[in-house]
Amino acid sequence: MSDERVSASRGPEEDRTTRITDSPSPLPPGSSRCAWPHRLAWALACATFPLIWMGGLVTTYGAGMAVPDWPNTFGYNLFLYPLQSWLAVWDVFLEHSHRLIGAGVGLLTIVLAAGLWICDGRRSMKWLGAAALAGVVLQGTLGGLRVLGNEIFLAKVHGCTAPLFFALASALVTLTSRGWHAHERIEPGPPQAWSTRFGWVMVLGIYLQIVLGANLRHQAPDASVGWFRLWVWLHLILAGSVLAGACALWAVGRGRLGHPMLVRRPRLLAALVVVQVLLGLATWVVRYGVPVWFTDYVWKVVYTVEAGSPLQAIVVTAHVAVGSLALVTALSLRMWAARVGRAARSDNPAPTRPAVA
Amino acid sequence: MVGLCLVAGCGWNPPPEFELNLEGRPRKSVSAEQREAIAKMLQRLFGTPDRPQVPDGVGLDRSLVEMAAGPPGGDAQGNQRGLYRRHCVTCHGVTGDGAGPSAALLDPYPRDFRRGVFKYTSTKAGIKPLASDLRGTLTRGVAGTAMPSFAQLAPRELDALVEYVKYLSIRGQAEQYLFEQVVDDEARLPLDLGQVLDEGVLPAARSWEAPERNPELVIAPGPRPPVDTPEALAASIARGRDLYASKDAQCVRCHGPQGDGNGEEKELYDDWNKPKKGVTPEQTAELERLYKLPIQRLRPRDFRQGNFRGGVGPEGRHLYYRIYAGIKGTPMPGVGPSPGAPGVMTSEDIWHVVDFVRSLSRK
């Protein structure tokens, strides 16, 4: 256990530590870091990602109403639904698995919230744990109400809030990590104002893309052609903007950012956004076929869309999942940029303005 | 949450309703009273998207129609319902007007079922498709378009979708009759249910039953000339090339001498887009405003791609159907005999053209 604990106060470092006040702040000097919340946060984030995959598969296969009741499954308690029935019908398998993983994520969130409340000395972390608990309850309730009301709008909201919960779980991983606490290991670089401010833009842009994507995936049957066309164009334009932003962050940050996190994160974000754009194009192809202009002017390929094929399911769902991964990566980048920026400012305090006589 | 609502399109979704077919008509040309009379009559006869009805005397399987209609769902045994809304509505729309949410971005547009005209059939010109034709399109998909293959669906689910497409089609034809009566002929209101059933609904239903009952209306390909040796195949292809270029067949006008779809005829439109075409661009723009989807030009097939949207079939049988009866609702004419027309090619000739067309994609 001792190697898991990082002393925050060591001689000359002490003064510096007290000046670093990123929010949520590192542990106060002299206090020790409990490793369990970090492990639990990892477990939560790792469980939430497959949950997003499974939710994406449910939507891709149109299996959202495969189980008409909630919180029970065909009258059975969620955990007591017979294995044979669970595996017998594909749609039921998807929806029931989604619910089971969701329940697992809910239980993990309860344990994490309790762990933060008991072990973490920072008040903000206690409330973040409580927020995660509220988030998972809200998310589950949205999913349930979507089923009970057979309501597409709630399905859309359920699809939009899932990445937010994933982002919160991932933020908790960062905030409880050893690196976040280890002030002495942070190498102050030049001020990170650009990447800090732009980090928020990226987070917002990617989240907006997720919302637009959810809107395209959960179309009301009688939605107008004009709206769908508008969403698609907005999705495309914003995709180009996010791609440009991610590449700019990577290119600008490559030479300047000193901290390893701020070198690795932009690289990862750029890679994920490139993959995401390619998956987006592939999603259109496996869903609506190869555009005529492409076959006319680029490549005379003959492709038949196969509804419900494994290729269609994997590509479309991967597009959903990688979108969430890009969101948490952008958020992590933003958090680390702010963290390193504050460390840098505390090492090189701005000169005080001379008093005017 | 407010921001999310603004972007995501806020609002609880009421059950979708069938939309009146006002396309091609200025809105003011149909009074509110006329609209209400038509909508009420259609609802009385055909119900709503969530609770469809099959009018008496219409030979549709009610249980299959109900299985395809309504919101998607299923039971513990895997029995599905709401199949149309789950698989088709995004492109074809609730009413089957081919103007679902995604339609505007697709080329070609999804089929508008309301006219009862379907492109890829094994029936003679002017005749409705067989159920097996629709089922074939569902399982095969239409290569090079957004129409997917639903080969993974269970046979009963495919039957349900076929039945629902027929239901929407008969409903659309009945609606067309009602508009003609109420708006064009200004029939006295309220409408007589018996008359609408006898003159508008049942004739449409019978036109769907006709090819299923009368084999004369279905294309029966004649014996295929033997092409079991390379020499025989080459001779068939050469004969097919001559027929392809002949004045009677007129294939080159659209498909071009090389079969690359680059013929002299450039302004081609199918029956769904032709009414949107005016003499001048201004007229076209004005007409387009009366429709949900803008005008879309038709492209003759480039045979070199090997992409035959109606499929090739065993030994090119589906190509035979296309050449024999044409592609319904498009300028592609049929060359085989049909009720009231003698045709310009024999069965053997058509097989030769099939061999020639297929040879282009092998190059």
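All of these numbers come straight from a predicted model, not from anything done at the bench. (Residues numbered from 1 in each chain as written. Chains lettered and ligands numbered in written order. Predicted model: local features only at pLDDT ≥ 70, side-chain atom pairs only at ≥ 80, totals over all residues.)

**Overview of the overall build of chain A**
- Within chain A one finds 12 helices and 0 strands.
- Start at the N end of chain A and walk to the C end: the helices and strands fall as α-α-α-α-α-α-α-α-α-α-α-α.
- Within chain A, buried positions represent 43% of all 357 residues.
- Sequence-distant contacts in chain A: of pairs separated by 6 or more residues, those separated by 24 or more amount to 77%. (Helix = DSSP H or I, 4+ residues; strand = E, 2+ residues; numbered from the N terminus. Buried ≥ 20, exposed ≤ 12 C-beta atoms within 10 Å, placed from the backbone. Contact = placed C-beta atoms within 7 Å.)

**Some thoughts on helix H5 (residues 123-149) of chain A**
All names here are of chain A.
- With 27 residues, H5 should reach 39 Å at 1.5 Å per residue; the first-to-last C-alpha distance of 38 Å fits that figure.
- Residues of H5 that are buried: Met125, Leu128, Gly129, Ala132, Val136, Gln139, Leu142, Gly143, Arg146 and Val147.
- Each element contacted by the buried residues of H5 is listed here: helix H4 (90-119) and helix H6 (152-175).
- Count one or two residues on from H5 and you reach Asn150, which has phi positive near 45°. (Expected span 1.5 Å × (residues − 1).)

**Quick notes on the interface of chain B and chain A**
- Tallying the contact residues gives 42 residues for chain B and 45 residues for chain A.
- Mapped onto the side of chain B that touches chain A, the elements with two or more residues apiece are helix H1 (2-8), strand S1 (73-74), helix H4 (83-87) and helix H5 (89-92) of chain B.
- Its residues placed into classes, the side of chain B that touches chain A shows 21 nonpolar, 17 polar and 4 charged. (Nonpolar A, V, L, I, M, F, W, Y, C, P; charged D, E, K, R; others polar.)

**Some points on the nonpolar core**
- Counting 121 residues, the largest nonpolar core has A:Ala169, A:Leu327, B:Ala68, B:Leu161 and B:Tyr164 as its most contacted members.
- Residue contributions to this core peak at 15 residues, all from helix H12 (residues 310-347) of chain A.
- Composition of this core by domain shows at least three residues from each of domain 1 (26-182) and domain 2 (184-349) of chain A.
- With near-sequence residues (within four places) excluded, B:Ala68 lies in contact with B:Leu83, B:Tyr84, B:Ala160, B:Leu161, B:Glu163 and B:Tyr164.
- By size, the runner-up hydrophobic cluster in this structure holds 26 residues, among which are B:Ile237, B:Cys251, B:Val335 and B:Ile350. (Core = buried A, V, L, I, M, F, W, Y, C linked by C-beta atoms within 7 Å. Domains from an automatic or database assignment.)

**Things to note about the confidence of the model for chain B**
- Across chain B, the average pLDDT comes to 92, with 96% of residues at 70 or higher.
- With pTM at 0.89, the complex prediction returns an ipTM value of 0.91. (pLDDT = per-residue confidence, 0-100.)

**A look at the packing of helix H7 (residues 155-184) of chain B against helix H8 (residues 193-213) of chain B**
Residue and element names in this part refer to chain B.
- Contact pair H7 / H8: the axes reach a minimum separation of 9 Å and the direction vectors enclose 140°. Of the two elements, H7 crosses H8, and the hand of that crossing is right-handed. Counted together, Lys166, Ile170, Gln173, Ala174, Tyr177 and Leu178 of H7 and Val196, Glu199, Gly200, Val201, Ala204, Ala205 and Trp208 of H8 form the full contact between these two elements.
- Of the residues contributing to the contact of H7 with H8, the split by class is 9 nonpolar, 2 polar and 2 charged. (Axes fitted to C-alpha atoms, helices over the stretch in contact; angles between N-to-C directions. Left-handed = near helix turned anticlockwise from the far one by under 90°.)

**Re the domain arrangement of chain A**
Residues and elements named next belong to chain A.
- The domain architecture assigned to chain A consists of domain 1 (26-182) and domain 2 (184-349).
- Summarising the inter-unit geometry, the C-alpha centres of domain 1 and domain 2 are found 23 Å apart.
- Listed by partner, the interface residues are 22 residues for domain 1 and 24 residues for domain 2.
- Those elements giving two or more residues to the side of domain 1 that touches domain 2 turn out to be helix H2 (36-60), H6 and helix H7 (178-181).
- Here the side of domain 1 that touches domain 2 gets 11 residues from one element, more than from any other, and that element is H6.
- Of the residues that constitute the side of domain 1 that touches domain 2, the class distribution is 14 nonpolar, 7 polar and 1 charged.

**Examining the packing of helix H6 (residues 131-140) of chain B against H7(B)**
All names here are of chain B.
- Contact pair H6 / H7: the axes reach a minimum separation of 10 Å and the direction vectors enclose 120°. Judged by the angle between their axes, H6 and H7 are oblique. In this structure, H6 meets H7 at a crossing whose hand is right-handed. For the pair H6 and H7, the contacting residues are Ala131, Leu134, Arg135, Leu138 and Thr139 in the first and Leu158, Leu161, Val162 and Val165 in the second.
- Classifying every residue of the contact of H6 with H7 by side-chain character gives 7 nonpolar, 1 polar and 1 charged. (Parallel < 35°, antiparallel > 145°, perpendicular 65-115°, else oblique.)

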